[in-house]
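So the chains spell out like this:
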Amino acid sequence: MTLYYRDDAVQVTSESIRAGGQVIALSDVTFVWHQRGPKTLAVRGRVLGRGVLVLLLSLPPLVALVCVVSLAWSAQDRGNWQLALIILAACAVGALALAPFLEIPLGWLDRSYERGSHVHELWVQHHGQEHLLLRTPDALRFGQIYRAVQRAVEQQGDHR
């Protein structure tokens, strides 16, 4: 018996698929497919949170650009370029000092994309009937499970 995937709720082996309390023998599976399910509140919240995070990460550079343009404009009017250059240098040093702290929100953004923006469903045709095996909003986990099921069914087909 070959183990293709296993976590707390799903196990895919060369003999069967166990998910959601169901055990389906691979020899009885005739077709496997996936589709998007209805969005849940958690998925909508993740997409909204991602948008807010992108907005919060985009605003400081835009505000800095407006400030630089207005500082250059006022320095040109007054002819006081030395003060403007000192302020710009101080802001550049401050931005470089704070840049490593961007790792935290950018990590959150990465993880939100890994988790996905949809609910994914894994379906199988078993004894002529369609069975929903798995519904999850976690795109990374779903991809691993779906690929494991594909490999197991392909191997099963090679042995027939």
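See above for the structure.
All values derive from a computational prediction rather than experimental measurement.

### As for the overall build of the protein chain
Across its full length, the protein chain holds four helices and seven strands. When the elements of the protein chain are put in sequence order from the N terminus, they spell out β-β-β-β-β-α-α-α-β-β-α. Whereas a compact globule of 160 residues would reach a radius of gyration of roughly 15 Å, the protein chain reaches 26 Å, over 25% beyond that. The principal-axis extent of the C-alpha atoms belonging to the protein chain is close to 85 × 30 × 25 Å. Burial analysis of the protein chain (160 residues in total) assigns 28% to the buried set. Restricting the contact set of the protein chain to residue pairs at least 6 apart, pairs at least 24 apart contribute 59%. Accessible surface, the protein chain: about 10600 Å² in total, of which carbon and sulfur atoms supply 62%.

### As for a nonpolar patch on the surface
Together, Leu48, Val52, Leu55, Leu56, Leu59 and Leu62 give the surface a local cluster of nonpolar side chains, amounting to about 570 Å² of exposed area. Here leucine 59 shows up in helix α1 (residues 41-78).

### Description of the sheet that holds strand β2 (residues 10-13)
Spatially, β1-β2-β3-β4 is the arrangement adopted by the four strands of the open sheet, whose pairing is antiparallel. Among the strands making up the open sheet, the edge pair consists of β1 (3-6) and β4 (22-25). Averaged over all pairs of adjacent strands, the angle between strand axes in this sheet comes to 5°, irrespective of strand direction. Relative to β4, strand β3 (residues 16-19) is paired through four bridges, and the arrangement is antiparallel. Looking at β4, one finds that alanine 19 is bridged to glutamine 22.

### Digging into the nonpolar core
Core analysis: the largest hydrophobic core is formed by 20 residues, its most contacted members being Val10, Val12, Val32, Leu122, Leu133, Ile145 and Val149. For this core, the secondary structure elements donating two or more residues are β1, β2, β3, β5 (29-37), β6 (119-126), β7 (129-136) and α4 (139-159). Ranked by the residues each element gives to this core, the list is headed by α4, at six residues. Excluding residues within four positions of it along the chain, valine 149 makes contact with Val12, Ile17, Val32 and Leu122.

### Observations regarding the pattern of salt bridges
Scanning the model with the defined rule gives three salt bridges in all. The closest approach of N and O atoms between arginine 147 and glutamate 154, which form a salt bridge, is 3.9 Å.

### With respect to the packing of α1 against helix α2 (residues 81-98)
For the pair α1 and α2, the least separation of the axes is 9 Å and the interaxial angle reads 165°. Taken together, α1 and α2 sit at an angle that is classed as roughly antiparallel. Along this stretch, α1 crosses α2, giving a crossing that reads as right-handed. Contacts between α1 and α2 involve Val68, Leu71, Ala72, Ala75 and Gln76 on the former and, on the latter, Trp81, Ala84, Ile87 and Leu88.

### Focus on the packing of α1 against helix α3 (residues 103-115)
One can describe the packing of α1 onto α3 by two numbers: an axis separation of 10 Å at closest approach and a directional angle of 150°. Comparing the axis directions of α1 and α3 gives the class roughly antiparallel. For α1 against α3, the interelement crossing comes out left-handed. On α3, the residues touching Arg46, Arg50, Leu53, Val54 and Leu57 of α1 are Pro105, Leu106, Trp108, Leu109, Ser112, Tyr113 and Arg115. Classifying every residue of the contact of α1 with α3 by side-chain character gives eight nonpolar, one polar and three charged.

### Observations concerning the environment of tryptophan 81
Inspection of the secondary structure puts tryptophan 81 in helix α2. Residue tryptophan 81 is classed as partly exposed on the basis of its relative accessible area, which comes to 43%. Note: C-alpha distance between tryptophan 81 and leucine 71 (ten residues apart in sequence) is 9.4 Å. Apart from the residues within four sequence positions on either side, tryptophan 81 is in contact with Ala72, Ala75 and Gln76.

Reading the values: the criteria
Residues numbered from 1 in each chain as written. Predicted model: local features only at pLDDT ≥ 70, side-chain atom pairs only at ≥ 80, totals over all residues. Heavy atoms only, no water. Helix = DSSP H or I, 4+ residues; strand = E, 2+ residues; numbered from the N terminus. Rg over C-alpha atoms; globule rule 2.2 N^0.38 Å. Buried < 20%, exposed > 50% of the residue type's maximum accessible area, 1.4 Å probe, protein only. Contact = heavy atoms within 4.5 Å. Areas by Shrake-Rupley, 256 points an atom, 1.4 Å probe, with all protein chains shown as cover. Patch = residues over 30% accessible without salt bridge, like charges linked within 9 Å, V, L, I, M, F, W, Y side chains within 5 Å. Salt bridge = Lys/Arg side-chain N within 4 Å of Asp/Glu carboxyl O. Pairing = 2+ DSSP bridges. Axes fitted to C-alpha atoms, helices over the stretch in contact; angles between N-to-C directions. Core = buried A, V, L, I, M, F, W, Y, C linked by side-chain atoms within 4.5 Å. Parallel < 35°, antiparallel > 145°, perpendicular 65-115°, else oblique. Left-handed = near helix turned anticlockwise from the far one by under 90°. Nonpolar A, V, L, I, M, F, W, Y, C, P; charged D, E, K, R; others polar.

On their own, these measurements won't tell you what the molecule is for.
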